[in-house]
Amino acid sequence: MPRTESRAAHREPACAPVAPSSSFAVFRALNDPALGAHAGHKGRIDQRALAAVRGARLEDKLLRALVAREALPAKEVWESFETFARARRVLRGRCVVDLCCGHGLAGLLFAVFERELEELVLVDERVPANHPAVMAALDEVAPWARAKTRWVVQGLKSALPALPRDGAILAVHACGVRTDRAIEAALAARVPLVAVPCCYEGTAQRAPSGLVDALGVVLAVDIDRSYRLEQAGYAVRWTSLPAAITPMNRVIVARPPAAARGGVTLGSNAGSPRVPGPAGELR
Ligand SMILES: C[S@@+](CC[C@H](N)C(=O)[O-])C[C@H]1O[C@@H](n2cnc3c(N)ncnc32)[C@H](O)[C@@H]1O
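All values derive from a computational prediction rather than experimental measurement.

Calculation rules
- Residues numbered from 1 in each chain as written.
- Predicted model: local features only at pLDDT ≥ 70, side-chain atom pairs only at ≥ 80, totals over all residues.
- Helix = DSSP H or I, 4+ residues; strand = E, 2+ residues; numbered from the N terminus.
- Buried ≥ 20, exposed ≤ 12 C-beta atoms within 10 Å, placed from the backbone.
- Contact = placed C-beta atoms within 7 Å.
- Axes fitted to C-alpha atoms, helices over the stretch in contact; angles between N-to-C directions.
- Parallel < 35°, antiparallel > 145°, perpendicular 65-115°, else oblique.
- Left-handed = near helix turned anticlockwise from the far one by under 90°.
- Near = placed C-beta within 6 Å.
- Nonpolar A, V, L, I, M, F, W, Y, C, P; charged D, E, K, R; others polar.
- Expected span 1.5 Å × (residues − 1).
- Pairing = 2+ DSSP bridges.
- Right-handed = clockwise from strand over helix to strand, strands pointing away.
- Core = buried A, V, L, I, M, F, W, Y, C linked by C-beta atoms within 7 Å.
- pLDDT = per-residue confidence, 0-100.
- Arc of directions from axis to C-beta.

## Description of the overall build of the chain
Item 1. Across its full length, the chain holds twelve helices and seven strands.
Item 2. Relative to its 283 residues, the chain shows a buried fraction of 45%.
Item 3. The long-range fraction of contacts in the chain, counting pairs at least 24 apart against all pairs at least 6 apart in sequence, stands at 72%.

## Thoughts on the packing of helix α4 (residues 74–87) against helix α5 (residues 105–113)
Item 1. Closest axis-to-axis distance for the α4/α5 pair is 8 Å, and the angle between their directions is 50°. Classified by the interaxial angle, the pair formed by α4 and α5 is oblique. Handedness of the crossing formed by α4 with α5: right-handed. For the pair α4 and α5, contact is made by Glu76, Val77, Ser80, Phe81, Thr83 and Phe84 and by Leu105, Ala106, Leu109 and Phe110, respectively.

## What to know about the site of the ligand
Item 1. Taken together, 14 residues sit near the ligand, with Cys100, Gly102, Gly155, Leu156 and Val172 positioned nearest.
Item 2. Along the lines of polarity and charge, the residues of the shell around the ligand split into six nonpolar, three polar and five charged.

## Side note on helix α9 (residues 177–189)
Item 1. For α9, which comprises 13 residues, the first-to-last C-alpha distance of 19 Å matches the rise-based estimate of 18 Å (1.5 Å per residue) to within 8%.
Item 2. Contact partners of the buried residues in α9: β1 (95–99), α8 (156–159), β4 (167–172), β5 (193–196), α11 (217–231) and β7 (250–255).
Item 3. Immediately downstream of α9, the backbone of Arg190 shows phi near 55°, a positive value.

## Focus: the pairing of β5
Item 1. Going residue by residue along β5, you find Leu193 and Ala195 tucked away on one face and Val194 and Val196 tucked away on the opposite face as well.
Item 2. The sheet contact formed by β4 and β5 spans four bridges and is parallel. Pairing of Leu170 across the sheet is with Val194, part of β5.
Item 3. Where the polypeptide runs from β4 across α9 and back to β5, its parallel neighbour, the crossover connection is right-handed.
Item 4. As paired strands, β5 and β7 are joined by three bridges and run antiparallel to one another. Looking at the pairing, Val194 lines up with Val253 of β7.

## Quick word on the sheet that holds β4
Item 1. The strand order across the open sheet built from seven strands is β3-β2-β1-β4-β5-β7-β6, with neighbouring strands paired in mixed fashion. The sheet terminates laterally at β3 (149–153) and β6 (235–240), the two strands that pair on one side only. Pairwise comparison of adjacent strand axes, ignoring direction, gives a mean angle of 20° for this sheet.
Item 2. Sheet strands touched by α5: β1, β2 (119–124), β3 and β4. Its angle to β2, the strand with the most contacts, is close to 170°.

## Focus: the nonpolar core
Item 1. In this structure, Leu99, Ile169, Leu170 and Ala182 are the most contacted members of the largest nonpolar core, which totals 79 residues.
Item 2. Beyond its immediate sequence surroundings of up to four residues, Leu99 is in contact with Val123, Leu156, Ile169, Leu170, Ala171, Ala174, Arg178 and Ala182.

## Some points on the confidence of the model for the chain
Item 1. Of all residues in the chain, 86% attain a pLDDT of 70 or more, and the chain-wide mean is 88.
Item 2. Predicted confidence is poor over residues 1–13, with pLDDT under 50, and the contacts of this stretch with residues over four places away or in other chains come to 25 contacts.
Item 3. Note on residues 261–283: pLDDT under 50 across the span, and 37 contacts to partners over four residues away in sequence or across chains.

## Observations regarding the environment of Arg178
Item 1. Note on placement: Arg178 falls in helix α9.
Item 2. Every residue in contact with Arg178, bar those within four places of it in the chain, is listed here: Leu99, Cys100, Leu156 and Ala171.

## Quick word on the environment of Val123
Item 1. Here Val123 shows up in strand β2.
Item 2. Sequence separation between Val123 and Leu99 is 24 residues, and the spatial gap between their C-alpha atoms is 5.0 Å.

## Here's the deal with helix α6 (residues 131–141)
Item 1. Three or more residues of α6 are buried, namely His131, Val134, Ala137 and Leu138. Projected down its long axis, α6 carries its buried residues within an arc of 125°, all on one side.

## Description of the packing of helix α3 (residues 58–68) against α6
When two helices pack together, their arrangement is given by the angle between their axes and by how far apart the axes lie.
Item 1. Orientation of α3 relative to α6, taken along the N-to-C sense of each, is 140°, at an axis distance of 9 Å. When the axis of α3 is compared with that of α6, the two are oblique. Relative to α6, the crossing made by α3 is right-handed. Residue-level contacts link Leu58, Lys61, Leu62, Ala65 and Leu66 of α3 to Ala137, Glu140 and Val141 of α6.
Item 2. Residues that form the contact of α3 with α6 fall into these classes: six nonpolar, no polar and two charged.

This is the structure in structure tokens:
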């Protein structure tokens, strides 16, 4: 794993994962504890990550291209791939919107791997400095992704009303109340949502104090969010990321009523068959 910073930079905040850990689904070599132990490393990804990359799949090529540029912190790379693996079956259709996207890799993986996707909208109040390096890696191995991608450099409040109504919503570590804004946006448009919440101070809605007392604020808030979605007819499932990547590892997967009933996709590709990808690739 990455060489960079001091030992201090290797340490995650000393907090227990909010959800049970799960296995690495994309780079399975990371399930070897010796390799996976540093998946939460916040230094730039470098040659040492290649120990987890064994093949010639598109995801392997993309990983190598990211490593060649030391494009992102290692943690962000593994987190993006693992989130995508859990979100892709739900966030299907013409458009995906990645809210508070940061470097945008989680959303960009939809533009790389989902042939049905016509538009990826990346929303953040700023474009991070390493975004060009991420795009250069994509251009090398998935040149079709850039043309599908649109940046909206705005705060959520002004951006949300103007976003495509059919955009399935991804919100990875959209801190605190921003996860609630993502949920509200999904509910208003009746689109699927995948959220990986973090920062439980300052959420939009106070969870019942009895739940907070009994379960702690983190669990209580996510239960409250899940009830909010279920009450609107959504089918809600919880899954998780490998805890070695991040302790903020709960993934809330929410399908709106139509999709929950019939597995119908959104947007102009609704109901179209899935296109199988090249053997072994992330499809
Ligand atoms: C913890 S980072 C998560 C980034 C990315 N989704 C990820 O998982 O790596 C939170 C992001 O939210 C963005 N952000 C914070 N407040 C925002 C707002 N009001 N509107 C849009 N983006 C915001 C920040 O710029 C930052 O990129």
